[in-house]
Structure formats: structure tokens, C-alpha cells
Amino acid sequence: MVEGFIFHPGALSRPEQEALAAEVFVAAEDAPFWQPVVPGGKAMSVRMTGLGPLSWVSDLKGYRYEARHPQTGKPWPPMPPMLLALWRRYAPEAPEPDACLANLYREGAKMGLHQDKDEADFSAPVLSVSLGDTAVFRIGGTTRGGPTRSVRLSSGDVCLLTGPARLAFHGIDRVLAGSSTLIPGGGRLNLTLRRAR
Ligand code: MD6
Ligand code: FE
């Protein structure tokens, strides 16, 4: 296992998963999931929205954290207290998160190998919560092209990238359609909590 990749399978009960997913979909009525474009011009297959003071955005100008939804111009909805509680439980030493990125994977969506490096301070971890269909997550080292390993992330699992794994390359190879009944309309919802600034 990659040092600093911390995996907590089954961290959330089914009722907790339902409550969290419902809270995010209610927030998305105000801050709709949109399909970001990468600076090269291609649309991502994942749809995204944000919660909390900041969220990650991508467009032709690049990657960055913003305080407002790129389409509505409104501030992101508040960070759900359940997410703050998870952060305090699994990252008690770290400063509070100021950003939550919500990734929605409908049928066929995936995410290429990347590093999370748009945050100001890499000493804080990134905490991920998986909801809905199981994902095949791939994680390697801090250089592209090195060895990787694959981990299945199921609904209710929490994982953290900390320490040496904080800048590890990682991505979602595929999502196993129909493996969960949690998400209305099917698919997977991933929430990543970050300290952006
Ligand atoms: C996903 N996750 O699970 C994509 N980033 O949909 C990530 O990109 C990620 O799982 C940083 C830390 C943990 C992650
Ligand atoms: Fe990431």
C-alpha cells in the first residue's frame, strides 16, 4: 500500500450515507452539477459542484479554487456538518477544511490520473467519501508512470491522502454501474474535503 493512503472501509452507515447524499442533492438545487472543461478544451466526464467557502473549478484558463459557482455566480452552499465531523474524526490535527468538491459519476464517467496540487498547503490531507456505486480507484506514487495499485471504493468508505501520499497520482478507472442503490438515477457521488488556502 502507498504510505499515507489511509483507508477506512465502511466508515458511514447506510442511513448516514443516505442523509449525506440527500443533503448534497438538495444543495445541488442551488448549485447545480456542471461539467468542467480542462484547459486543453476537453469536457470532463464527471460532473461537479462545491460546498463550503471554496471549491475547485476548471475551465480554459486553468485549475483553481473559487468562492462562487461558475454558472450561477452565487457562493457555494454551506459545508454539511456531517462532513466537518468526519474531518475532525479522521484528521484531528489538521486545520478545518475550507472546500468540498462533489464529483458525480453517471454511467461511463471516470477520472484520469492526477495529483491534487491546487491547494496552498500540502500538510493538510485530502479526505474522500464515496457514496453509491463502487469505483475502481487507482493510486501510484508522486511521479507519473510509476507502479500503481487498484483499490475498490464502495459506498460509505472514507479514504485520506496524507503525508507521502498527499501528492500521489490517483484516479478513477471505472465505476461499477448498478452496484449500489443509493444514488437516485444511479451512479457514484464522491466528496473530497480539502484545506485549499
Ligand atoms: C473520486 N477522488 O474518488 C476521485 N482526490 O471520485 C479523488 O480525486 C481524490 O479520492 C484526493 C484524495 C482522495 C481522492
Ligand atoms: Fe483527486
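Below, the structure is looked at part by part. Since this is a predicted model, take the numbers as computed values, not measurements. (Residues numbered from 1 in each chain as written. Chains lettered and ligands numbered in written order. Predicted model: local features only at pLDDT ≥ 70, side-chain atom pairs only at ≥ 80, totals over all residues. Heavy atoms only, no water.)

## Examining the packing of helix H1 (residues 14–30) against helix H2 (residues 81–90)
Now for step 1: Packing of H1 against H2 brings their axes to within 10 Å, and their N-to-C directions diverge by 125°. In terms of axis orientation, H1 runs oblique to H2. Contacts from Glu-16, Ala-19, Leu-20 and Glu-23 of H1 reach H2 at Pro-81, Met-82 and Leu-83.
Now for step 2: For the contact of H1 with H2, the per-class residue count stands at five nonpolar, no polar and two charged. (Axes fitted to C-alpha atoms, helices over the stretch in contact; angles between N-to-C directions. Helix = DSSP H or I, 4+ residues; strand = E, 2+ residues; numbered from the N terminus. Parallel < 35°, antiparallel > 145°, perpendicular 65-115°, else oblique. Contact = heavy atoms within 4.5 Å. Nonpolar A, V, L, I, M, F, W, Y, C, P; charged D, E, K, R; others polar.)

## What to know about the sheet that holds strand E2 (residues 47–51)
Now for step 1: Taken in spatial order, the six strands line up as E1-E10-E7-E12-E5-E2 in an open sheet, and their pairing is antiparallel. Only two strands of the sheet have a single neighbouring strand rather than two, namely strand E1 (5–8) and E2. Neighbour-to-neighbour, the strand axes of this sheet turn through a mean angle of 20°, independent of strand direction.
Now for step 2: Sheet topology places strand E5 (residues 99–105) next to strand E12 (residues 188–194); seven bridges connect them, and they run antiparallel. In the sheet register, Ala-99 faces E12, and the bridge partner there is Arg-194.
Now for step 3: Contacts between H1 and the sheet are confined to E2, E5, strand E7 (126–132) and E12, with E12 contributing the most and set at about 85° to the helix. (Pairing = 2+ DSSP bridges.)

## A word on the site of ligand 1
Now for step 1: Close to ligand 1 lie 13 residues, the nearest being Tyr-105, His-114, Asp-116, His-170 and Arg-188.
Now for step 2: At 2.7 Å, a side-chain N or O of Arg-188 approaches an oxygen atom of ligand 1.
Now for step 3: The separation between an oxygen atom of ligand 1 and a polar side-chain atom of Asn-190 is 3.3 Å.
Now for step 4: Among the cavities detected, the one that contains ligand 1 is the largest pocket.
Now for step 5: Of all the secondary-structure elements, those providing two or more residues to the shell around ligand 1 are E5, E7, strand E11 (170–175) and E12.
Now for step 6: Considering every element that reaches the shell around ligand 1, the biggest residue donor is E12, with three residues.
Now for step 7: Its residues placed into classes, the shell around ligand 1 shows five nonpolar, six polar and two charged. (Near = heavy atom within 4 Å. Polar contact = N/O pair within 3.5 Å; in protein donor to acceptor, adjacent residues only side chain to side chain. 1 Å grid on protein atoms, 1.4 Å probe; cavity = no way out; pocket = protein on both sides within 12 Å on 5 of 7 lines; lining within 4 Å. Sits in = over half its atoms within 2 Å of the grid points.)

## A word on the coordination of the iron ion (ligand 2)
Now for step 1: Every protein donor of the iron ion (ligand 2) is accounted for by His-114 (NE2), Asp-116 (OD) and His-170 (NE2), and the metal-donor separations fall at 2.1 to 2.2 Å.
Now for step 2: Along the chain, the residues that donate to the iron ion (ligand 2) are spaced as H-x1-D-x53-H. With His-114 in strand E6 (residues 111–114) and His-170 in strand E11, this pair connects stretches of sequence that are 56 residues apart. (Donors = N, O, S within 2.8 Å, 3.2 Å for Na, K, Ca; no water.)

## Structural notes on the layout of surface pockets
Now for step 1: Volume-wise, the largest pocket comes out at about 660 Å³.
Now for step 2: Contributing to the lining of the largest pocket are 37 residues, with Met-111, Gly-112, His-114, Asp-116 and His-170 lying nearest its centre.
Now for step 3: Looking at the lining of the largest pocket, the elements that each hand over two or more residues are strand E4 (62–66), E5, E6, E7, strand E10 (158–161), E11 and E12.
Now for step 4: By volume, the second largest pocket amounts to about 170 Å³.
Now for step 5: Along the wall of the second largest pocket there are 14 residues; nearest its centre are Arg-106, Glu-107, Asp-133, Ala-177 and Gly-187.
Now for step 6: Classifying every residue of the lining of the second largest pocket by side-chain character gives four nonpolar, six polar and four charged. (Points joined across faces, edges and corners; volume = space filled by probe spheres on them.)

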